[in-house]
Amino acid sequence: MKVYDSIFDGHAALVLERSRRVHEEIAEGLTKEGAIPLAVGAFQMRNQCGGETGKRQNLERMLSTIRMAAAQGVQMLAFPEMCLPGYFTPVSGTAEEAVAANHALADIVGESPYVEALKAAAQDARMVLAFGFAEKADGVVYNAIGVIDANGEWLGTRRKAPLYPWPFELDSFAEPGPEHRSVVFRTKYATVGVSNCFDGEFPESIRRMRLEGAEILLWCNAACGDSHFGTSHRIHHSQAHAQANNMWVVCCNCVAENASGTSLIASPHAEPLVILPPDEEALAIATIDLAVVTSWEPWKSRVDGSGYKEKP
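In this text the structure is predicted, and so the values were computed from the model without any measurement.

*Asks:* Help me understand the environment of serine 301, please; the structure alone is not making it clear to me.
*Replies:* Relative to the helices and strands, serine 301 is located in the segment after β12 (282-289). Note on serine 301: relative accessible area 52%, which makes it exposed. A distance of 2.9 Å separates polar atoms of two side chains, one belonging to serine 301 and the other to arginine 302.

Here it is in C-alpha cells:
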C-alpha cells in the first residue's frame, strides 16, 4: 500500500478535468426544455484608494467593465467590497486616515451621482449589479454592497454584519444587528443572496439566505492575503456554500498588494467553473442554469432550520 504525506501529483489535473466536465454538463442542460440560462460575472478589480479623484477613476473603470461585460452577454455582475471608494487598509495609511477617507467618500443613496451613474449603466446594459461602497444613512456610515436591478431600479444594500474585528472597519463603520445577516433580493433574473467579505464566512448566514429563496450567492470581497500565491480560503468557502446549499456562487475579490484575488464561480456541486489569478485584474464569466437549483432535495426537507422560517 502506498503512503502519501503530500498532495498526489495528479490533483490539479483532476480539478481541471472536473471543471471541464461541469462546463459540458451545463451546456448540455441548457439545450433541454425547462432550462433557465443566466450569464454571470465577477470583475476582480484592482483596489485603489485615492480620495475623490481615485473614486472617480474607480467609477469609470466600473462603467467600462459593465460595457465590456455586456458585450460578452453578462446579465449579472459582481464587483469587490468597497470598490467604488477603495478599501482602505494599512497599505494606504492609518486607521484614523481610513475613518476620514471612508466618511468623506460615503454616498447617500438617492443623492449620489456615482450611484445614479451605476443605475443608468445597469439599465442600459440590462444587467444586475452588486458593488461595494460606503453608504451614509441614518447618521452613520456602513460598509455596504449595493444591488441594482437590470432595469436600473435600486433594490437595496447588504450592510456588512459582522464587521471584520480590526480598527480599519470598526472605527469607520456602523454594524447592523444579527437579524440583518440574511439579505435576499429578487432581481429580474434570479433571487440572490448577498454577502460582504468577512460576513460571508458564517455558513449559518448563507443557509438563512438559501432558506429565504436565494438561488445565487453574490459574495463581494476585499479579502486580504498573498498577492503572489493567493489563498484558498475564498475558494474553499465558496465551494462549501455551493455544495451545502445547492446554489450557484459568484465570489468576487479585489487585487492589491495585500489581497489574495482568486475570484471564482462555483457550481452547486462545488466544482469551480472559473478561478482567476491572485494578482490580475480580470473578468470571470460563466453561463449557468438556474433550473438545476429549483429542487433542493434530499437536503431541503432535512435541514436544521434553527428556528428560521422559509419565506414564500
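This is not the end of the story, as more comes after the structure.
*Asks:* Hey, could you run me through the sheet that holds strand β7 (residues 191-196) in this one?
*Replies:* Two orientations exist for strands paired in a sheet by backbone hydrogen bonds: parallel and antiparallel. The 6 strands are arranged β6-β7-β8-β9-β10-β11 in an open sheet whose pairing can be described as mixed. Because the sheet does not close on itself, it has two edges, and the strands there are β6 (184-186) and β11 (272-275). Neighbour-to-neighbour, the strand axes of the sheet open up by a mean angle of 15°, direction not taken into account. Note: strand β10 (residues 264-266) against β11, 3 bridges, orientation antiparallel. Across the sheet, residue alanine 266 finds its bridge partner in β11, namely proline 272.

*Asks:* Mind showing me how you'd approach the sheet that holds strand β3 (residues 128-137) here?
*Replies:* Ordered by their spatial adjacency, 6 strands build an open sheet running β5-β4-β3-β2-β1-β12, and the pairing between neighbours is mixed. Every interior strand has two partners, whereas the edge strands, β5 (154-159) and β12, have only one. Neighbour-to-neighbour, the strand axes of the sheet open up by a mean angle of 30°, direction not taken into account. Across 3 bridges, the pairing between strand β2 (residues 76-78) and β3 is parallel. In the strand pairing of β3, leucine 77 is matched with leucine 129.

*Asks:* Sorry if this is basic, but what is going on with the state of the cysteines here?
*Replies:* Joining two cysteines, a disulfide is a covalent bond between their sulfur atoms. Under the definition given, this model contains 0 disulfides. Unpaired in terms of disulfides, cysteine 197 finds its nearest cysteine sulfur in cysteine 224, a separation of 7.5 Å. Among the residues examined, cysteine 197 registers a relative accessible area of 7% and is labelled buried. Just so you know, cysteine 252 is unpaired, no disulfide at all, and the nearest cysteine sulfur is the one on cysteine 220, 6.3 Å from it. Cysteine 252 sits in the buried class, given a relative accessible area of 0%.

*Asks:* For this particular structure, what's the right way to read the packing of aromatic side chains?
*Replies:* The description of an aromatic ring pair rests on the distance of the ring centres and on the angle between the ring planes. As enumerated under the stated definition, the model contains 8 aromatic pairs in all. Summarising the aromatic geometry, the rings of tryptophan 166 and phenylalanine 168 are spaced 5.0 Å apart at their centres and angled 45° between planes, so their arrangement reads as tilted. Grouping residues by exposure puts tryptophan 166 and phenylalanine 168 together as buried. Among the aromatic residues, those joined into a ring-pair cluster are Tyr164, Trp166, Phe168, Phe198 and Phe202. Over the ring of tyrosine 114 we find lysine 55, and its NZ or CZ is 4.1 Å from the ring centre. Looking at arginine 210, its charged tip hangs above the ring of tryptophan 296, at a distance of 4.9 Å from the centre.

Each value, and the rule that gives it
Residues numbered from 1 in each chain as written. Predicted model: local features only at pLDDT ≥ 70, side-chain atom pairs only at ≥ 80, totals over all residues. Heavy atoms only, no water. Helix = DSSP H or I, 4+ residues; strand = E, 2+ residues; numbered from the N terminus. Buried < 20%, exposed > 50% of the residue type's maximum accessible area, 1.4 Å probe, protein only. Polar contact = N/O pair within 3.5 Å; in protein donor to acceptor, adjacent residues only side chain to side chain. Pairing = 2+ DSSP bridges. Axes fitted to C-alpha atoms, helices over the stretch in contact; angles between N-to-C directions. Disulfide = S-S within 2.5 Å. Phe/Tyr/Trp six-rings, centres within 6.5 Å; stacked < 30°, edge-to-face > 60°. Lys NZ or Arg CZ within 6 Å of the ring centre and 35° of its normal.

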